[in-house]
Amino acid sequence: MRSLGHEPTELTVRVDEIADAIARDDPDLSLVVVHQDDEHALELIEEIGEFSNGPVVAVLTEEDPEFVARAARRGIHSYARQETPPSMQIAIEIALRRWGERRDLSDDLQRRKS
């Protein structure tokens, strides 16, 4: 991530610790690295989506369309393969763009309600 110009804060947390970590660090973007425990990653994605002020990107070590579909239902904004830095940067840009569009739509909806 540093090679792409980002300043990551690396955390290894349990699902029940994620809300406190997000409140403490207030990340612009969250990356969930998916290893062998898909359920743990999916739970993290869902919790991060609930508490974070930024998008979530799933980082996969191998192609897994089934996991991506499940993660999309839980709240990812994008995904990438870990070993390809250019695809990581693209995934980050897509996630930030989608997050911004969602925020704009939410703001528009709030204005129309008032």
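Trainee: Lay out the pairing of strand β3 (residues 78-81) with the relevant residues and their values.
Mentor: Burial of the side chains of β3 is restricted to one face: Ser78 and Ala80 are buried, whereas none of Tyr79 and Arg81 on the reverse face is. Relative to β3, strand β2 (residues 56-60) runs parallel, the two being bridged by 4 bridges. Within β3, the position partnered with Leu60 by the bridge is Arg81. Of the crossover connections in this fold, the one passing from β2 over helix α3 (residues 65-74) to the parallel β3 is right-handed.

Trainee: Describe in detail the nonpolar core, supporting the description with residues and values.
Mentor: Note that soluble globular proteins tend to have their nonpolar side chains buried in a common cluster. Within the largest apolar cluster, 18 residues are counted, with the highest numbers of intra-cluster contacts made by Val32, Ile45, Phe67 and Ile76. Put simply, the parts of the chain that give this core at least two residues each are α1 (18-25), β1 (30-34), α2 (38-51), β2 and α3. For this core, the leading source of residues is α2, giving 5 residues. Ile45 has contacts with Val32, Val56, Ala58, Phe67, Ala71, Arg74, Gly75 and Ile76, leaving out every residue within four places of it along the chain. With 6 residues, the next largest nonpolar core counts Val57, Val59, Ala80 and Ala91 among its residues.

Trainee: Please set out the environment of Pro65 residue by residue, giving values where relevant.
Mentor: With respect to the element layout, Pro65 can be found in helix α3. Classification of Pro65 by relative accessible area gives exposed; the value is 63%. As for Pro65 and Asp108, which are separated by 43 residues in sequence, their C-alpha atoms are 33 Å apart.

Trainee: Before we move on, can you summarise the sheet that holds β1 with the specific residues and values?
Mentor: In spatial order, the strands read β1-β2-β3; together these 3 strands make up an open sheet with parallel pairing. This sheet does not close on itself; its edge strands, each paired only once, are β1 and β3. Adjacent strand axes in the sheet meet at a mean angle of 25 degrees, parallel and antiparallel pairs treated alike. On the sheet, α2 packs against β1 and β2 and is oriented at approximately 170 degrees with respect to β1.

Trainee: So, the packing of α2 against α3: which residues are in play, and what are the values?
Mentor: For the pair α2 and α3, interaxial distance at closest approach is 9 Å and the crossing angle is 25 degrees. Our classification of the angle between α2 and α3 gives roughly parallel. As α2 packs across α3, the resulting crossing turns out to be right-handed. Across from Asp38, Glu39, Ala41, Leu42, Glu43, Ile45 and Glu46 in α2, the residues of α3 making contact are Phe67, Arg70, Ala71 and Arg74. By residue class, the composition of the contact of α2 with α3 is 5 nonpolar, no polar and 6 charged.

Trainee: Lay out the side chain of His77 in plain terms, naming residues and giving numbers.
Mentor: Tracing the chain through its elements places His77 in the loop between α3 and β3. Within the structure, the side chain of His77 is placed 3.4 Å from the backbone oxygen of Gly75, a separation counted as a polar contact. For His77, the residues in contact, after removing those within four places along its chain, are Pro55, Val56, Ile94, Ala95, Arg98, Trp99 and Arg102.

Trainee: Could you give an account of the packing of α1 against α2, naming the residues involved and the relevant values?
Mentor: As a packed pair, α1 and α2 sit with axes 9 Å apart at the nearest point and diverge in direction by 45 degrees. Taken together, the axes of α1 and α2 lie oblique to each other. Considering only the axes of α1 and α2, their crossing is right-handed. On α2, the residues that touch Ile18, Ala19 and Ile22 of α1 are Leu44, Glu47, Ile48 and Phe51. Residue composition of the contact of α1 with α2, by class: 6 nonpolar, no polar and 1 charged.

Rules used in this analysis
The numbering scheme is per chain: residues are counted from 1 as the chain's sequence reads. The predicted origin of the model limits local features to residues at a pLDDT of at least 70 and limits the giving and counting of side-chain atom pairs to 80 or more, whereas totals for whole chains, interfaces and linings rest on all residues. To get the side-chain values, all heavy atoms of the structure are used, and hydrogens and water are removed first. Buried means the residue's accessible area, taken with a 1.4 Å probe over protein chains only, is under 20% of the maximum for its type, while exposed means over 50%, and partly exposed covers the values in between. Helix numbers and strand numbers start at the N terminus; a helix is a DSSP run of H or I with at least 4 residues, a strand a run of E with at least 2. Between any two strands, pairing holds if DSSP finds at least two bridges. The handedness of a crossover follows from its direction of travel: if, with the strands pointing away from the viewer, the path from the first strand over the helix to the second runs clockwise, the crossover is right-handed. We define the nonpolar core as a collection of buried residues of types Ala, Val, Leu, Ile, Met, Phe, Trp, Tyr and Cys that are connected through side-chain atoms lying within 4.5 Å of one another. Note on contacts: a residue pair is in contact if any heavy atoms of the two residues lie within 4.5 Å. Here an axis means a line fitted to C-alpha atoms, over the contact stretch when the element is a helix, while the angle between two N-to-C directions is reported on a 0 to 180 degree scale. Here the angle decides the label: under 35 degrees means roughly parallel, over 145 means roughly antiparallel, 65 to 115 means roughly perpendicular, and every other value means oblique. Note on convention: near helix rotated counterclockwise from far helix by under a right angle means a left-handed crossing. Clockwise means right-handed. Note that Gly is not counted as nonpolar here; it falls among the polar residues with everything else outside the nonpolar set of Ala, Val, Leu, Ile, Met, Phe, Trp, Tyr, Cys and Pro and the charged set of Asp, Glu, Lys and Arg. By the criterion applied in these results, polar contacts are pairs of N or O atoms within 3.5 Å in which, for protein atoms, one can donate a hydrogen and the other can accept it, and in which residues neighboring in sequence qualify only through two side-chain atoms.

Scope: geometric values only; no functional claims are made or implied.
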